[in-house]
Each structure stands twice: as structure tokens, then as C-alpha cells.
Amino acid sequence: MEKYRSFYRQSIEDKENFWAAQARRIHWFREPSVILSQNEKGFYRWFADGELNLCWLCLDEQVNHGRGEQTALLYDSPVSHTKQSFTYFALLDKVSRFAGGLLQLGIRKGDTVVIYMPMIPEAVIAMLACARIGAIHSVVFGGFAPHELAMRIDDAHPKAIISASYGIEFDKIIPYKPLVDRAIEEALHKPPLHIFYERTPGYDQLDGKGEIDYNSLLEADPAPCVPVLSTDPLYILYTSGTTGKPKGIIRDHGGYATALKFSMDYIYNAAPDEVFWAASDVGWVVGHSYIVYGPLLQGCTTILYEGKPVRTPDAGAFWRMISEYKVNVMFTAPTAIRAIKKEDHEGEKLKQYDLQSLKYLFLAGERCDPPTYHWIKDLLQIPVIDHWWQTETGWPMVGIMMGLEVLPPRAGSAGLPVCGYELHILSDEGDELEKGKEGYIAVKLPLPPGCLPTLWNNDDRFIAGYLQHFPGYYQTGDGGYLDQDGYCYIMGRVDDVINVSGHRLSTGEMEELVASHPAIAECAVMGIADELRGQRPVALVVLKDGHREEEDLIEEELVALIREKIGAVAYFRNAAVVKRLPKTRSGKILRKTIRQMADGETFTIPSTIDDPHILEEIREVLEERKMGLAWNKI
Ligand code: COA
Ligand code: AMP
């Protein structure tokens, strides 16, 4: 481990020189002279006086270095039976024209633009075009319902919203325009410009005020790159927190570019010219960092896949992609592997393809259970690397740095701290815990380049949510421990965030919605273990007097409510009626105990419990309704 340890140590003990050297590996319009500084609020900033442009690094720089004819972007969509490929020249041309179109519409540096699109190249083009002119994009995952979109519109105040006719889920068409129209109707802020990409000509009726055909923007003269400050926002990406209001994570240009370059070299070990495939969605941070910006600024070929790991057309979908495009490095969520495993346990589909090009498979987004890890590792016979990070950080915090030293991954562990992240395991009181002891995972400030500088328009929430509990540290929201060799084990969130099929959602938000139903007196929403999805939310509800006869109807209404307000992705299927909820004597609902019971974990009944008999009643309801792995396994 010597190589890793020494490089890691430098990144912590001599951080300014370490990251200054990494920053010199990307092209700046103006090299930074200030490496690390703090703003007037004391928030850390990287490369404050540097100037650059991320779109330049992803496209112009690549073309200038002779990659014009190389494939930059491959689009493969089994759901629409489409394949397309764009060279760096072609992508630069489209992006700079679209950027010119945005300028013609009056969008300028610092303006915000919401992008709500399915997995089509036009989404990537729109993102890069915004970056090109210094506009701040905010991509909203296409699986979110209008209400979620409306909340993001109200927070980001976009000048334009860019969307497309429809998304495709397996064989189901999901029209987007009605969703966008509803979101705009609900939002208080009304974006003046609505740009629509017509996937099928004539599909949408673009006759409303401010509605513009996406393709008309591509007729504009190409726009040059606008130099931006390293600290200017590149994008806002909303993510779930403890309440219904999503948090707008800000990403800067300079720190992010430096960190992505570093990660492509040292973590993913992806060389320019290689094919990098992150099977995620552009609506998530993985899509931002490793479908769009990371692979392109590294000069790789990146892949946009509009499909699923299974049923598009079968459980060989991923293996077909790897073999057809000679993928070198792949990244996906454990859920996807579990879905494949469920349908093709013997790996028969995989045997039909030549996967020799594949060097590594990286997994993240949720905990990778050891059986899934071993299954895929044995099947692929290549390093399978679990690694841990979050929307907030933008790039991995823990993993195996394959481009530095090939160290053996350990099943159940997400790896070793990545350069720049000084990890500490703390007790609730902020004391350092010894190796092997589980506690809060916190990162000593300053965070390395690329991580969130603050939240959009909400410094107070940034402080309260991340910095306040442990002064001098960033609180990750995850719990876990370190072993004697420094390997990190992530044990799950310590707050109301859950991961359903790799989709980050808030049980706090669901609880607010469930509680808004007129028949509900009290409720608790928890994420319980799910064999395929990792976690899924369930509710226990106490009804107001007089509603006892309507149990089934109320459950149906609650399921419909979450689907309507958050989206089908929440996978909220159960709201079981109970007489009472288990609580502490001070009135706190024992959500963790309920979850542990459903998951079949051993647990101790909290000494502060108000009435232990309630737990027995809850257990009976969970068992009867088969809510939890504890009963489904049997
Ligand atoms: N737009 C609209 N609806 C969407 C959607 C999207 N982008 N993504 C999912 N949904 C819908 C689904 O159609 C489904 O709707 P339904 O209840 O009407 O059937 C619902 O949300 C639940 O979807 P999901 O949990 O994805 O279940 P599934 O059975 O459709 O697919 C998997 C299961 C495991 C194949 C799929 O979740 C998957 O590929 N997961 C990997 C996700 C991933 O890579 N995340 C990476 C983040 S790093
Ligand atoms: P997101 O912001 O959507 O990327 O979700 C981040 C959260 O997903 C983290 O805070 C973790 O709770 C979880 N997560 C991500 N990667 C892993 C991993 N490798 N192991 C366990 N949990 C993970």
C-alpha cells in the first residue's frame, strides 16, 4: 500500500501544493495563483482567481489535441431502436450552435436553465451548451413528477426550461410536455422560455407562449466559450434531504474540472481513447460527472444508454453494450446487477458476448451487498470496485484508486479514502471513535476540489445540514467504520435519505405528504431492505377516528399521492394501518427499530420506549403484510 499511502498523505498534509499540481493538468484561460481560500462566510474555495471553461476542456481542447475524428459520444437506445455516434468535431459543432441559439434567446452567463429530458444526446448537448456560455444548468431527473419539477423551478428561477417530447420506460411512452405544463402551472416562478426537442416530428403542439423548437437553436452561429471564474457555478443539482424541499447542490467549474481529471486518471484509470460507460441517468450526479464531464474532458468515448439492464430486451443488455462498443471501464449501481442476477443467475446471457475489453466494473449509489459483489466478480473475472460518494461531493470519497496502485477490494467495504478526503468516524458528541467502531462518517474541512461550496441561495441550510453538528468537519449523512488497514465500511444513512433502485429519495418528504392526507392522525415512513431495489419506502399510519372502515381505500390513495407528487420511482407500495406507533417517552417515533424489525436485524428495545407492547403489534402487522425481508425470506 506504500504508493497509495504516500500519495494520500501528500494530499492531506500538503493539500495546496498537491491540488495546485493537479490543477496544472487541465487547461486554464488564466492559471490560478490562489489555490485555497475562504470567502467572507468562511466557506472554502479552490483556485479562486483562475479562469477556464469546462465545455472548452470537454470539446475544444480535445479537438485542438487531434481528437476531432474520435467518437466522443455514443447513443444507444434499445427502447427507441436508435443508435447514433458523434465525433468530437460533431459534438463541438452541435454544442456551439446550440449555445449560439441560447445566446440569441437572451440567455447569458449566470442565468439558470432547467433541463428535464430523457436519456437522449440532446440533453448532453444542452448541458454542454449552457456550460459554454456560462449559464448554470439544473438537470431534473425525468422520472420525477411535476410537483418535484415545480419545486426545483421555484428554487432555481430558470430563464428557460429545456425538455423533449417523451421518455420511454421499457415499452411505455411517457409524454413530458403535459408534465412540464403542469409543473409550470404549479410553480410560482414562470420560466419565460420553453424549449422542446421533438423526438417524433409533429408529436408536440408547440404553440404556447414562449415555446420554441429545440432544433431551431441549432441553426444559430456557433458561440465561443465564455471564460468563467473557477468558483462560478457550473450547475445546480437538486438532491433529497430530510424535508420535502430539495437541496440545490452547487458545483463550481475549476475545482470540479480538476477533481474529475484526477478521478479519471487515478480512480478509474481510464486513458484518453478508451471507452467509458456509466450506466446511469444524466439526471443524477453520476450522469453529470461520468456520462458527461469526466469522460469527455479525459478525451474518452462516453456512452449514453437509454434502456435498462433487463427487459431491453433481456438480461444480456449490458453485456451486449460492452461487447458492441468495446467498453473499457464501466460504472453502474448494484441494483442493476441484482436485476440481472435475478433474471440470469447462471450468467448464460453473458457467455454469448466477448467482454475482453472490460478492465473494471465500478459500483456505487447504494450499498453493494456481498452476495451480489461475489456473484458479479466471479462472473466477470475482473476487478469489481465498490466506491462511495454522493451528489454533494461530485466524485468519489472512498474507493480503490486503480490508476495509482491496484489494491485488493474487500467485500462489504467501499475501499480506502481517496486523496483529499480526510475521513473521521465520530460519536454523536464529536469524539473520534477507534478502528472498528461504527459512528458518523465526517470529512475534515476543507473538502477537496469538486465538492459543494454551498447550497444554491441557502448558506444557512448548508451550515445547518453539513457543518454544524461537527464543527470543522463536513457531515456526510452516512454511518460506518474503518478497519485496521483504513478500509471504510458504509453502514447506511443516519438521516431520512434512502436509496431506491439507486435513486436518492427522502422519507421525510414522503412522511410530510402522507401526513397531509385528511384521514391520517400520525405516520412514520421508513426505508426497509428490498432484495432488488436495495431499499423501498413503507408507511405505518394511524387513522383519525371515524376512518377505520376505509383502510384499503386510504392505502390506495396514499400510494397514488406519492406517485403523483414524487413519481413512480419512489416505489411506494405499502401504507399499513396500525393502532399506535412505537415512541420514546419524549414522543420520538422509533423508526429505526421498526426498520430493524422489518429487515430481520437483531436489535435491542430502546430503554426509553414508552410502551414495549406496541412493538409486538407492529411486528404482527409487518409480518401479516409481508413488509420486510424478515418475512419475505422465509
Ligand atoms: N421516467 C419515468 N418513470 C420512471 C423512470 C424515468 N426515468 N425511471 C423509473 N420510472 C418508473 C418505472 O417505469 C416504474 O413505473 P411503474 O411503477 O409504473 O412500473 C417505477 O418508476 C419504478 O421503477 P424502478 O424502481 O426503476 O423499477 P423497474 O422494475 O422499472 O426497474 C431496475 C428495476 C432495477 C431494472 C431499474 O430500477 C434500474 O435499472 N435501476 C438502476 C438505476 C441506476 O442505474 N441508477 C444509477 C444511479 S447512480
Ligand atoms: P447520491 O447523492 O444520489 O449519489 O446518493 C448518495 C448516498 O448513496 C450516499 O450518501 C450513501 O448513503 C449512498 N451510497 C453511495 N454509494 C454507496 C456505496 N458504495 N455504499 C453504500 N452506500 C452508498
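Residues numbered from 1 in each chain as written. Chains lettered and ligands numbered in written order. Predicted model: local features only at pLDDT ≥ 70, side-chain atom pairs only at ≥ 80, totals over all residues. Heavy atoms only, no water.

*Asks:* Sorry, what's going on with the nonpolar core here?
*Replies:* A general tendency of soluble globular proteins is for nonpolar side chains to be buried together. Formed by 128 residues in total, the largest nonpolar core has its most connected members in Phe98, Leu128 and Tyr293. The greatest single-element share of this core, amounting to 10 residues, is contributed by helix α5 (residues 121-133). When sequence neighbours within four positions are dropped, the list of residues in contact with Tyr293 reads Leu54, Cys58, Met127, Leu128, Ala131, His137, Leu234, Tyr235, Tyr256, Leu260 and His288. Counting 40 residues, the second largest nonpolar core, distinct from the first, contains Phe141, Ile153, Leu179 and Leu543. (Core = buried A, V, L, I, M, F, W, Y, C linked by side-chain atoms within 4.5 Å. Buried < 20%, exposed > 50% of the residue type's maximum accessible area, 1.4 Å probe, protein only. Helix = DSSP H or I, 4+ residues; strand = E, 2+ residues; numbered from the N terminus. Contact = heavy atoms within 4.5 Å.)

*Asks:* In this structure, what is going on with the domain arrangement of the protein chain? I would like to understand it.
*Replies:* Accessible area lost when the parts come together is the quantity often used to give the size of an interface. Once the domains are mapped, the protein chain shows domain 1 (2-307 + 387-477) and domain 2 (497-624). Spacing between the C-alpha centres of domain 1 and domain 2 amounts to 33 Å. Facing 19 residues of domain 1, the contacting portion of domain 2 comprises 15 residues. Both sides of the domain 1 and domain 2 interface together cover about 1300 Å² of buried area, and 45% of this is carbon and sulfur. Broken down residue by residue, the surface that domain 1 buries against domain 2 is led by His147, Ser240 and Trp284, which jointly contribute 32%. Seen at the junction of domain 1 and domain 2, the total is two salt bridges. With a shortest N-O distance of 2.9 Å, Glu392 and Arg504 are connected by a salt bridge. The interface formed by domain 1 and domain 2 contains six residue pairs in polar contact (both at pLDDT 80 or more). Considering every element that reaches the side of domain 1 that touches domain 2, the biggest residue donor is helix α6 (residues 146-156), with three residues. The residue inventory of the side of domain 1 that touches domain 2, partitioned by class, reads five nonpolar, 10 polar and four charged. (Domains from an automatic or database assignment. Buried area = accessible area lost by both parts, 1.4 Å probe. Salt bridge = Lys/Arg side-chain N within 4 Å of Asp/Glu carboxyl O. Polar contact = N/O pair within 3.5 Å; in protein donor to acceptor, adjacent residues only side chain to side chain. Nonpolar A, V, L, I, M, F, W, Y, C, P; charged D, E, K, R; others polar.)

*Asks:* How do you make sense of the site of ligand 2 when you look at a structure like this?
*Replies:* The immediate surroundings of ligand 2 are formed by 15 residues, with His387, Thr391, Asp478, Arg493 and Arg504 found nearest. Residue Gly365 places a main-chain N or O atom 3.1 Å away from a nitrogen atom belonging to ligand 2. Measuring from an oxygen atom of ligand 2, one finds a side-chain N or O atom of Arg504 at 2.7 Å. About the coverage of ligand 2: the protein hides 94% of its 500 Å² of free accessible area. (Near = heavy atom within 4 Å. Areas by Shrake-Rupley, 256 points an atom, 1.4 Å probe, with all protein chains shown as cover.)

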